[in-house]
Amino acid sequence: MKTSLHELRSIEHYLLSDNKDGESFLFEAKLILQPELEEQVYWQNKTYQMVRNYGRKQLKNELNNIHETLFNTDEHQSFRQKVMRLFCK
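Cut-offs used in this document
- Residues numbered from 1 in each chain as written.
- Predicted model: local features only at pLDDT ≥ 70, side-chain atom pairs only at ≥ 80, totals over all residues.
- Heavy atoms only, no water.
- Helix = DSSP H or I, 4+ residues; strand = E, 2+ residues; numbered from the N terminus.
- Expected span 1.5 Å × (residues − 1).
- Buried < 20%, exposed > 50% of the residue type's maximum accessible area, 1.4 Å probe, protein only.
- Arc of directions from axis to C-beta.
- Contact = heavy atoms within 4.5 Å.

### Considerations on helix α1 (residues 5-16)
Within an α-helix, residues lying three or four positions from one another point in the same direction, as the helix has 3.6 residues per turn.
Alright, step 1. With 12 residues, α1 extends 16 Å between its outermost C-alpha atoms, agreeing within 8% with the 16 Å of an ideal straight helix rising 1.5 Å per residue.
Alright, step 2. Every buried residue of α1 is accounted for by S10, I11 and Y14. For α1, the angular spread of the buried residues around the axis is 95°, confining them to a single face. Turned more than 90 degrees away from the buried face of α1, the exposed residues are L5, R9 and L16.
Alright, step 3. On the buried face of α1, the contacting elements are α2 (22-33) and α3 (35-72).

Printed below as a string of structure tokens:
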């Protein structure tokens, strides 16, 4: 079950395209005719989901580190006080 580069590009276009064009409708017809293609689309979509989730997790960790640095270190105490004053009014 080797997937060609052309098939990968077609699947990628289908999954990532916002608008439905002629290629998308043709691809949907192929999905009906080729059940193994549907499985490939499923797994490629799962891969995209995992990559997005990983990216979100990394971004969340980065933001938490920035928050920790800005609000819990002595060198940023004046910044912390300015921000707190904004929310105390």
